[in-house]
Amino acid sequence: MGPDDRYTTILLDAMRTSAKYQPKFGLGRDISLNEFEALYGDDPLYSWIGLDIPAMYSAHKAAGGITSIYRQLGIGCERLFRTLIIDRFDLTETQANWQYTIRGSDDRSRTLKLDGRIALRHLADSPEKRRMEEWLQGFKRKLDVKSDIGGAVFEVRQGYKSKDSKRQNADLANATNAYTQRYLPVLVVMSLQLDTDLRKRYEAGKWGVLSGSIVSDDPYYSTYAFCNHVINYDLKQFFERNTEHLREEVALIIDRLLAQQ
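Residues numbered from 1 in each chain as written. Predicted model: local features only at pLDDT ≥ 70, side-chain atom pairs only at ≥ 80, totals over all residues. Heavy atoms only, no water.

The description of two packed helices rests on the angle between their axes and on the distance between the axes. Two numbers describe how helix 1 (residues 3-16) lies on helix 9 (residues 235-258): the axes approach to 11 Å, and their chain directions differ by 30°. The orientation of helix 1 relative to helix 9 falls into the category roughly parallel. In this structure, helix 1 crosses over helix 9, and the sense of that crossing is right-handed. Along the contact surface, helix 1 presents Asp4, Tyr7, Thr8, Leu11, Leu12, Met15 and Arg16, while helix 9 presents Phe238, Phe239, Arg241, Asn242, His245, Leu246, Glu249, Val250 and Ile253. Of the residues assigned to the contact of helix 1 with helix 9, the class counts are nine nonpolar, three polar and four charged. (Axes fitted to C-alpha atoms, helices over the stretch in contact; angles between N-to-C directions. Helix = DSSP H or I, 4+ residues; strand = E, 2+ residues; numbered from the N terminus. Parallel < 35°, antiparallel > 145°, perpendicular 65-115°, else oblique. Left-handed = near helix turned anticlockwise from the far one by under 90°. Contact = heavy atoms within 4.5 Å. Nonpolar A, V, L, I, M, F, W, Y, C, P; charged D, E, K, R; others polar.)

Our focus in this paragraph is the pattern of salt bridges. For the structure shown, the criterion picks out 15 salt bridges. One salt bridge in this structure joins Asp4 and Arg241, with 2.8 Å as the shortest N-O distance. Placement of the pair is Asp4 in helix 1 and Arg241 in helix 9, with a sequence separation of 237 residues. Classification of Arg241 as partly exposed rests on a relative accessible area of 47%. Overlapping salt bridges bring together Asp13, Arg16 and Glu249 as one network. (Salt bridge = Lys/Arg side-chain N within 4 Å of Asp/Glu carboxyl O. Buried < 20%, exposed > 50% of the residue type's maximum accessible area, 1.4 Å probe, protein only.)

With that settled, the discussion passes to the nonpolar core. As a rule of thumb, nonpolar side chains are buried together in soluble globular proteins. Core analysis: the largest hydrophobic core is formed by 43 residues, its most contacted members being Met132, Trp135, Phe154, Phe226, Leu235 and Phe239. Contributions of two or more residues to this core are made by helix 1, helix 4 (54-89), helix 5 (127-143), strand 4 (151-157), strand 5 (184-189), helix 8 (223-231) and helix 9. No other element matches helix 4, which puts seven residues into this core. Setting aside anything within four residues of it in sequence, one finds Phe239 in contact with Leu11, Leu80, Met190, Tyr224 and Leu246. Judged by nonpolar contacts, the second largest core, of 16 residues, contains Ala119, Val189, Leu194 and Val209. (Core = buried A, V, L, I, M, F, W, Y, C linked by side-chain atoms within 4.5 Å.)

Turning next to the packing of helix 6 (residues 165-180) against helix 7 (residues 196-204). The N-to-C vectors of helix 6 and helix 7 enclose an angle of 30°; their axes lie 10 Å apart at closest approach. When the axis of helix 6 is compared with that of helix 7, the two are roughly parallel. Helix-helix and strand crossings are classified by hand; for helix 6 and helix 7 the assignment is right-handed. Contacts from Arg167, Gln168, Asn169, Asp171 and Leu172 in helix 6 reach Leu198, Arg201 and Tyr202 in helix 7. Partitioning the contact of helix 6 with helix 7 into residue classes produces three nonpolar, two polar and three charged.

Residue Arg182 is not a glycine yet carries a positive backbone phi of 70°. Relative to the helices and strands, Arg182 resides in the loop between helix 6 and strand 5. Phi is positive for Asn232, close to 70°, though the residue is something other than glycine. Topologically, Asn232 is positioned in the loop between helix 8 and helix 9.

Quick look at the packing of aromatic side chains now. As enumerated under the stated definition, the model contains 21 aromatic pairs in all. With a centroid separation of 4.5 Å and 45° between ring planes, the pair formed by Trp135 and Phe226 is classed as tilted. Of this pair, Trp135 sits in helix 5 while Phe226 sits in helix 8, and the two are 91 residues apart along the sequence. Accessibility assignment for this pair places Trp135 and Phe226 in one class, buried. One aromatic cluster is present, built from ring pairs that chain together Phe81, Trp135, Phe139, Phe154, Tyr220 and Phe226. (Phe/Tyr/Trp six-rings, centres within 6.5 Å; stacked < 30°, edge-to-face > 60°.)

And the structure:
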């Protein structure tokens, strides 16, 4: 299997999970169409006004399935990005992952992790290492970071427009822990779906932020420019080479998701 086949498989395998999505209707398990018709048919109000029809099941399935597609695309992007840094920097799976342990208010330990890591100490003396060192120094200047940095840790998302303050605060806490371990935290967004206010807030919190711009050639702004100039892999061309295959496969996933059964 060539690199393109391997990378498309990583992305699509995550998304294929969405094709199996079934709504739970508050019961904590997947509910089939027949079970839905019995559940809603036995409810007097829903039966009286006609909510127990197959089209209603399809609407629930589509609504939850859309969320599932975005979630699984995010998981696929995370796995693809981590595989790229493993392949291009000759890292092990352990080296490419980063996690840390904190103690919560209930005095229980929790392990938190980000989606990727490139530590300079893991890189052999090579052009790859020198590119990474130069990029880190450039980001330090951009973010006005004064502390010593020995690598970067990455949070990868397909898009990010959520206004969930709890999620944002957790990310900002991740940044604090990253800096204590001499890592620059970097938010990697694969699409253009990044809220401008979110970018500003993360950068104010000393996060590097990369978005899915294919117009910008700035490796401190664009995910694809970073991949091209620092990782030394043209991720934009990968997607362009494989777009027909990816579109066909995702169309099948969506068709299966929208089917009633």
